[in-house]
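# Observations on the three-dimensional arrangement
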Amino acid sequence: MLTTGSPAPDVVLEDTDGRTVHLSDYRGSHAVLIYFMRSTSCPICNRHVQDLIRCRDELAADNVQVFVAVPEDRQEAAAWKAKRQVPFPVLTGRRGTPHEMIGLSRKVFGSMQQSGDILIDSQGIIRHAHGATMPTSSYDKKGIMAAVQGLRAHA
């Protein structure tokens, strides 16, 4: 798992429209928050995404670009995004899952995908990194909002 205070790797992902997304493209312009869902069928993860949707105006006011990363393929992710009316770009891996690219592995005999969230500032430094095996603790809203507040202090 990535660590707070370290430079973010230039992870290359793909959105549901097939466009390539380089995290480095946001350096100098936006902070980036990525929520890594355990799966699109996880009801707890879906509640976390709904909370992010409720917070989107506040996050946008702080110049934070929100992404949701899912382990499913692009087609399945696009169907989920449309059905749930998710306003954020939804990311999938080009090779492997987005989760693997940042160190969120499969735990408990390789069957349970870890989930979590990361916040990268506009300079490419990780300001918040959180991962969990159980989906109930995968979304660290307090930690995210504290890190966003820290971005304001450095602006």
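Structure first, text after, so check above.
If you're wondering where the values come from, they're calculated on a predicted model, not measured in any experiment. (Residues numbered from 1 in each chain as written. Predicted model: local features only at pLDDT ≥ 70, side-chain atom pairs only at ≥ 80, totals over all residues. Heavy atoms only, no water.)

### Describing the side chain of His128
With respect to the helices and strands, His128 occurs in strand 9 (residues 126–132). Here Asp117 takes part through its side chain, which lies 2.6 Å from a polar atom of the side chain of His128. The contact partners of His128, leaving out residues within four places of it in the chain, are Thr4, Asp117, Ile118, Leu119, Asp140, Gly143, Ile144 and Ala147. (Helix = DSSP H or I, 4+ residues; strand = E, 2+ residues; numbered from the N terminus. Polar contact = N/O pair within 3.5 Å; in protein donor to acceptor, adjacent residues only side chain to side chain. Contact = heavy atoms within 4.5 Å.)

### Considering the sheet that holds strand 9
Spatial ordering of the open sheet is given by 2-1-5-4-3-8-9, a layout of 7 strands whose pairing is mixed. Strand pairing shows two members of the sheet lacking a second neighbour, strand 2 (20–22) and strand 9, which therefore form its edges. If you compare each strand with its neighbour and ignore which way they point, the axes differ by 30 degrees on average. Where strand 1 (residues 12–15) and strand 2 come together, 3 bridges link them in antiparallel fashion. Residue pairing in the sheet places Glu14 in a bridge with Thr20 of strand 2. Across the sheet, helix 3 (residues 74–84) lies against strand 1, strand 4 (64–69) and strand 5 (90–93), angled at about 165 degrees from strand 5, the strand it touches most. (Pairing = 2+ DSSP bridges. Axes fitted to C-alpha atoms, helices over the stretch in contact; angles between N-to-C directions.)

### With respect to the pattern of salt bridges
Within this structure, the stated rule accounts for 8 salt bridges. Here Arg54 and Asp51 are joined by a salt bridge, their closest N and O atoms 3.5 Å apart. With Arg54 and Asp51 both in helix 1 (residues 43–54) and 3 residues apart, the pair spans about one turn of that helix. Relative accessible area serves as the criterion here: at 60%, Arg54 is assigned to the exposed category. Using a relative accessible area of 12% as the deciding quantity, one classes Asp51 as buried. Among the salt bridges present, the one from Arg127 reaches Asp121, with a minimum N-O distance of 2.8 Å. Via salt bridges that share partners, Asp15, Asp17 and Arg19 belong to a single interconnected network. (Salt bridge = Lys/Arg side-chain N within 4 Å of Asp/Glu carboxyl O. Buried < 20%, exposed > 50% of the residue type's maximum accessible area, 1.4 Å probe, protein only.)

### Observations regarding the side chain of Glu14
Its place among the elements puts Glu14 in strand 1. In terms of polar contacts, Glu14 uses its side chain to reach the side chain of Arg74, at 3.2 Å. With near-sequence residues (within four places) excluded, Glu14 lies in contact with Arg19, Arg74, Val90, Leu91, Thr92 and Arg94.

### Considering the nonpolar core
Note on soluble globular proteins: their nonpolar side chains tend to be buried together. Counting residues in each nonpolar core, the largest one holds 28 residues, and the members touching the most others are Leu59 and Val64. Those residues within four positions of Leu59 in sequence are excluded, and the remaining contacts are Leu33, Leu52, Val64, Val66, Met145 and Val148. The next biggest cluster of nonpolar side chains, apart from the first, holds 17 residues, and it includes Ala8, Leu13, Phe36 and Ala69. (Core = buried A, V, L, I, M, F, W, Y, C linked by side-chain atoms within 4.5 Å.)

### Structural notes on helix 3
One side-chain oxygen of the residue at the start of helix 3 lies 3.3 Å from the amide nitrogen of Gln75, identifying that residue as Asp73. Following helix 3 by one or two positions, Gln85 adopts a phi angle in the positive range, close to 55 degrees.

### Observations regarding the packing of aromatic side chains
On inspection of all chains with the given rule, the structure shows 2 aromatic pairs. Measuring from ring centre to ring centre gives 5.7 Å for Tyr35 and Tyr139, while their planes differ by 75 degrees; the resulting arrangement is edge-to-face. Of this pair, Tyr35 sits in strand 3 (residues 31–36) while Tyr139 is found in the loop between strand 9 and helix 5 (141–154), placing the two residues 104 residues apart along the sequence. For Tyr139, a relative accessible area of 13% gives the class buried. (Phe/Tyr/Trp six-rings, centres within 6.5 Å; stacked < 30°, edge-to-face > 60°.)

### So, unusual backbone geometry
Trans is the prevailing form of peptide bonds, just as negative phi is the prevailing case for residues other than glycine. Positive phi outside glycine occurs at Asn63, with the angle close to 60 degrees. Take Asn63: it is sitting in the loop between helix 2 (56–61) and strand 4. By relative accessible area, Asn63 is classed as partly exposed at 35%. A positive phi angle, close to 55 degrees, is found at Gln85, a residue other than glycine. Of note, Gln85 is situated in the loop between helix 3 and strand 5. Its relative accessible area of 67% is what places Gln85 among the exposed residues.

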